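Residue-level structural notes
Below are the chains, spelled out letter by letter.
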Amino acid sequence: MDYQVLTPQQAEQFVERGYVVIRGCFTRAAAEEYTSTIWTRLGYVPDDPATWSEPSVHMPSHREIDIRQFAPKAWGAVCDLVGGAQRIHPYLWNDAFIVNLWQGADRPWQPASPASPDWHKDGDFFRHFLDSPEQGLLTLVLWSDVRHQGGATFVAADSVGPVARFLAEHPEGVRPEPASFPWHELVKQCSDFMEAIGEVGDVYLLHPFILHAKAQNVLRVPRFITNPPVHLIEPMRFDRPDPSEFSLVERAVLRGLGVDRYTFTPSGPREKLVPHRVALQRSMKRAERDRLAAVFEHPE
Ligand SMILES: O=C(O)CCC(=O)C(=O)O
Ligand SMILES: [Fe+2]
């Protein structure tokens, strides 16, 4: 199989361990420009940690960028993983930064394990099925350097199998809340944990079934990432007549299920959900706009 960006080793790693890292997808200068208003938006003073009232913040989005121009290498790798550009809706990045300033800094560092808090699979906006198209890939875009113990994202690299088997056993679909989706039970089956560290411009492309969690930032060095989902046009298929048509994401699911092909038929309705996050981020966006206007339209 020929890929645009991925090496055969990276493709194999994605199928076996659910992720690849594409390093250096954009420059430090480009990241600085894109993140330049973060502190104004937050209402915090960068060199005065006493003003950092929240340990981490999931910011709303104001501005979108086309990854095809901004980060062509990441775009090529996304296409390699999902089986081609024709399989995805327009894929935009935005400035909905997930900021980790001092999450869990009040306790000693603990490495990733099933006991770490907040393991989850992304996709709080839809009912999950084995073949769900809404979250075709999980992506972590590094807008700041992300250091060991500095508020990275923990990744359970062997979670695709447990999640795939759980979803295969639940064709009726599963809501994305801890009460319905037993992420913490599933992560107990995992033992291959890593910390998604790296430098500005690095992009982690992960299987949508990968369980992950926000890590502690005991260094208190500000960490900025985004996690823009890739949205597939059609549900995934695990019984394509021509096996060479399976995407790497689909192949990883088949590997997790331990079969060469699998016919999946949902028995419940596909459902869009509106998470509480949406209303929260709407009001955050109003507050951020006011702070930006105060600085850029009415400077003192
Ligand atoms: O902040 C992080 O490292 C992870 C955040 C995350 O997984 C999410 O917002 O879904
Ligand atoms: Fe997440």
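Report on the accompanying structure. It should be emphasised that the depicted structure is a prediction, and the values quoted were computed from it without experimental measurement. (Residues numbered from 1 in each chain as written. Chains lettered and ligands numbered in written order. Predicted model: local features only at pLDDT ≥ 70, side-chain atom pairs only at ≥ 80, totals over all residues. Heavy atoms only, no water.)

Assigned secondary structure in the chain consists of 9 helices and 11 strands. In terms of its C-alpha atoms, the chain occupies a principal-axis envelope of roughly 65 × 40 × 35 Å. Among the 300 residues that make up the chain, the fraction classed as buried is 51%. The contacts of the chain with a sequence gap of at least 6 include a subset with a gap of at least 24, amounting to 85%. (Helix = DSSP H or I, 4+ residues; strand = E, 2+ residues; numbered from the N terminus. Buried < 20%, exposed > 50% of the residue type's maximum accessible area, 1.4 Å probe, protein only. Contact = heavy atoms within 4.5 Å.)

Attention now moves to the site of ligand 1. Close to ligand 1 lie His-58, Ile-98, His-120, Asp-122, Ala-152, Thr-153, His-212, Lys-214, Arg-223, Ile-225 and Asn-227. Interatomic distance of 2.7 Å between a side-chain N/O atom of Arg-223 and an oxygen atom of ligand 1. One of the side-chain nitrogen or oxygen atoms of Asn-227 is found 3.5 Å away from an oxygen atom of ligand 1. Within the complex, 91% of the 290 Å² of free accessible area of ligand 1 lies under protein. Elements supplying a minimum of two residues to the shell around ligand 1: strand S10 (211–214) and strand S11 (223–226). Here the residues of the shell around ligand 1 are counted per class, giving 3 nonpolar, 5 polar and 3 charged. (Near = heavy atom within 4 Å. Polar contact = N/O pair within 3.5 Å; in protein donor to acceptor, adjacent residues only side chain to side chain. Areas by Shrake-Rupley, 256 points an atom, 1.4 Å probe, with all protein chains shown as cover. Nonpolar A, V, L, I, M, F, W, Y, C, P; charged D, E, K, R; others polar.)

Moving on to unusual backbone geometry. If you check the backbone angles, Asp-118 has positive phi at about 70° while not being a glycine. With respect to the element layout, Asp-118 can be found in the loop between strand S5 (98–100) and strand S6 (138–142). Phi is positive for Gln-149, which is not a glycine, with a value near 70°. Assignment of secondary structure puts Gln-149 in the loop between S6 and strand S7 (153–156).

Here S7 shows no split at all, with Thr-153 and Val-155 on one side and Phe-154 and Ala-156 on the other all buried. In terms of strand pairing, S7 meets S10 through 4 bridges, oriented antiparallel. Across the sheet, Phe-154 pairs through a bridge with Ala-213, a residue of S10. For S7 and strand S8 (residues 193–195), the ladder comprises 3 bridges, and the chain directions are antiparallel. Paired with Phe-154 across the bridge in S8 is Glu-195. (Pairing = 2+ DSSP bridges.)

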